[in-house]
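Understanding the architecture of this molecule
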Amino acid sequence: MTIFAVYKKLEIMRKRILVTGGAGFIGSHLCERLLNEGHEVFCLDNFFTGNKDNIIPLLKNPYFELVRHDITMPYFVEIDEIYNLACPASPIHYQYDPIQTIKASILGSINVLGIAKRTGATVLQASTSEVYGDPQVHPQVEGYWGNVNPIGLRSCYDEGKRCAETLFMDYHRQNGIRIKIIRIFNTYGPRMLPDDGRVVSNFVVQALRNEDITIYGSGAQTRSFQYVDDLIEGMVRMMNTEDEFIGPVNLGNPNEFSILELAEKVIQLTGSKSKLVFKPLPHDDPKQRQPDITLAKEKLNWQPTIELEDGLQKIVEYFKEYRYRN
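The text that follows walks through the structure, step by step, so that each part is easy to find. (Residues numbered from 1 in each chain as written. Predicted model: local features only at pLDDT ≥ 70, side-chain atom pairs only at ≥ 80, totals over all residues. Heavy atoms only, no water.)

**Looking at the packing of helix H5 (residues 98–119) against helix H6 (residues 155–175)**
Where H5 contacts H6, the axes come no closer than 9 Å and their chain directions differ by 15°. Considering the angle they form, H5 stands roughly parallel to H6. Every pair of crossing elements has a handedness; the one defined by H5 and H6 is right-handed. Contact residues: Pro98, Thr101, Ile102, Ser105, Ile106, Ser109, Ile110, Val112, Leu113 and Lys117 in H5; Cys156, Tyr157, Gly160, Lys161, Cys163, Ala164, Leu167, Phe168, Tyr171 and Asn175 in H6. Here the contact of H5 with H6 is built from residues that sort into 13 nonpolar, 5 polar and 2 charged. (Axes fitted to C-alpha atoms, helices over the stretch in contact; angles between N-to-C directions. Helix = DSSP H or I, 4+ residues; strand = E, 2+ residues; numbered from the N terminus. Parallel < 35°, antiparallel > 145°, perpendicular 65-115°, else oblique. Left-handed = near helix turned anticlockwise from the far one by under 90°. Contact = heavy atoms within 4.5 Å. Nonpolar A, V, L, I, M, F, W, Y, C, P; charged D, E, K, R; others polar.)

**Side note on the packing of helix H2 (residues 25–36) against helix H8 (residues 228–239)**
Axis angle and axis distance: for two packed helices, these are the angle between their axes and the distance between the axes, and together they describe the pair. Across the interface, H2 lies against H8 with an axial gap of 10 Å and an inter-helix angle of 60°. In this view, H2 runs oblique relative to H8, as classed from their interaxial angle. With respect to the hand of their crossing, H2 and H8 are arranged in right-handed fashion. Only Val228, Asp229, Leu231, Ile232, Glu233, Met235 and Val236 of H8 make contact with H2, whose side of the interface consists of Phe25, Ile26, His29, Leu30, Arg33 and Leu34. For the contact of H2 with H8, a count of residues per class yields 9 nonpolar, 1 polar and 3 charged.

**Some points on the nonpolar core**
With 61 residues, the main nonpolar core has Tyr83 and Met235 as its most contacted residues. Counting 24 residues, the second-largest nonpolar core is a separate cluster that includes Leu44, Val77, Val123 and Met169. (Core = buried A, V, L, I, M, F, W, Y, C linked by side-chain atoms within 4.5 Å. Buried < 20%, exposed > 50% of the residue type's maximum accessible area, 1.4 Å probe, protein only.)

**Brief notes about the pattern of salt bridges**
Going through the model one piece at a time under the given rule, you end up with 17 salt bridges. In this structure, glutamate 40 engages arginine 16 in a salt bridge whose closest nitrogen and oxygen atoms are separated by 3.6 Å. Linking glutamate 40 in strand E2 (residues 40–45) with arginine 16 in strand E1 (residues 16–20), this pair joins segments that are 24 residues apart in sequence. We note a salt bridge from glutamate 165 to arginine 183, for which the minimum N-O separation is 2.7 Å. With glutamate 165 in helix H6 and arginine 183 in strand E6 (residues 179–184), this pair connects stretches of sequence that are 18 residues apart. The two residues glutamate 165 and arginine 183 agree in class, both being buried. The structure contains a network of salt bridges with shared partners spanning Arg33, Glu37, Glu233 and Arg237. (Salt bridge = Lys/Arg side-chain N within 4 Å of Asp/Glu carboxyl O.)

**Things to note about the environment of glutamine 226**
Tracing the chain through its elements places glutamine 226 in strand E10 (residues 226–227). Note: C-alpha distance between glutamine 226 and asparagine 255 (29 residues apart in sequence) is 8.9 Å. Each residue touching glutamine 226, except ones within four places of it in the same chain, is listed here: Ile184, Phe185, Asn186, Thr187, Tyr188, Leu231, Leu251, Gly252, Asn253 and Trp302. A polar side-chain atom of glutamine 226 sits 3.1 Å from a polar atom in the side chain of threonine 187. Polar contacts involving the side chain of glutamine 226 include one to the main-chain carbonyl oxygen of leucine 251, which spans 2.9 Å. (Polar contact = N/O pair within 3.5 Å; in protein donor to acceptor, adjacent residues only side chain to side chain.)

**With respect to the sheet that holds E6**
The parallel open sheet is built from 7 strands, whose spatial order is E3-E2-E1-E4-E5-E6-E11. Taken across any chain shown, the strands that pair with only one partner, and hence form the sheet edges, are strand E3 (64–68) and strand E11 (249–251). Taken over all neighbouring pairs, the strand axes of this sheet differ in orientation by 20° on average, direction set aside. As paired elements, E6 and E11 share 3 bridges and run parallel to each other. Bridge pairing in E11 links arginine 183 to asparagine 250. (Pairing = 2+ DSSP bridges.)

**Quick look at unusual backbone geometry**
A cis amide bond, omega -10°, links histidine 138 with the succeeding residue proline 139. Even without a glycine there, the phi angle at phenylalanine 47 is positive, about 65°. Relative to the helices and strands, phenylalanine 47 is located in the loop between E2 and helix H3 (52–55). What makes phenylalanine 47 buried here is its relative accessible area of 16%. A positive phi angle, near 85°, is found at arginine 191, a position not held by glycine. With respect to the secondary-structure elements, arginine 191 resides in the loop between strand E7 (187–188) and helix H7 (199–208).

**Some remarks on the pairing of strand E5 (residues 122–128)**
For E5, the buried fraction is high: 7 of the 7 residues fall into the buried class. Burial along E5 is two-sided: Thr122, Leu124, Ala126 and Thr128 and Val123, Gln125 and Ser127, pointing in opposite directions, are all buried. Pairing of strand E4 (residues 81–84) with E5 involves 4 bridges; the strand directions are parallel. Counterpart to tyrosine 83 in the pairing with E5 is leucine 124. In the sheet, E5 pairs with E6 via 6 bridges, with the strands oriented parallel. The residue bridging valine 123 from the neighbouring strand is isoleucine 179, located in E6. Considered for its hand, the β-α-β crossover made up of E5, H6 and E6 is right-handed. (Right-handed = clockwise from strand over helix to strand, strands pointing away.)

Geometric descriptors of this kind do not, in isolation, establish any biological role.
Below is the structure:
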């Protein structure tokens, strides 16, 4: 095969992919993965929670393009695939401006679905385990409709994501848009913001500073934590499934830990002198959260591979370096 033929083959295989929220914690890891696979990536972010530091190493790649834009406003691009991640995902951030949060989910979905309708692109919606609310079914299966407060402090995010799923399904049924829906459970890893209010980053940062570790409620409430690399693998596999499988599908680690267990692991890994302090549980905070990933195993041949202690060690090292960089 000639060099020209190889080049043409690579051009045919290379996709033009839009990642909304691409400068965020998860989005930047996804952009990096897609570039490493040889695709052309358009990273769109308004930098409300995204961080330019996350994607600076990618800027030297000629197939990476950064666009400062708010997805609540229309955007036009010729594209093959869309990963829609644009929405604040931590309680501190999405409750800061709840109206803008729900706009990001609803108007953002309408705008990316409009791009997909015009271009014929496949579009993946990054939904959330928060659509299950404070679940009465455990572990959570995709067929469970959830137990969500529509007028609470978390509703801007929970109901916004639920409405986004509705929009995706209706565009699919009415207009034949090729869609994929994933529901992301608690995810952690490098590039998390130290002040984002999520439990893993909170505990690690407090432990490294030898500050009191804040536990809301009794600490008996449970979560399941997946490392970001496992999530990215699941997202890419979902995008590459046959058109007939649209989801929703849970992507999360089914190993369940109490918040107290997580705190103890973090203290042990960091060698911290931190003490545990207890505060009232926030309104509508779910008591249990654990994914049933049977569907992901069957349809994507996917399951997490990184154990919690291994992943925690990586994020501890990241936040140690972050402290010295800043």
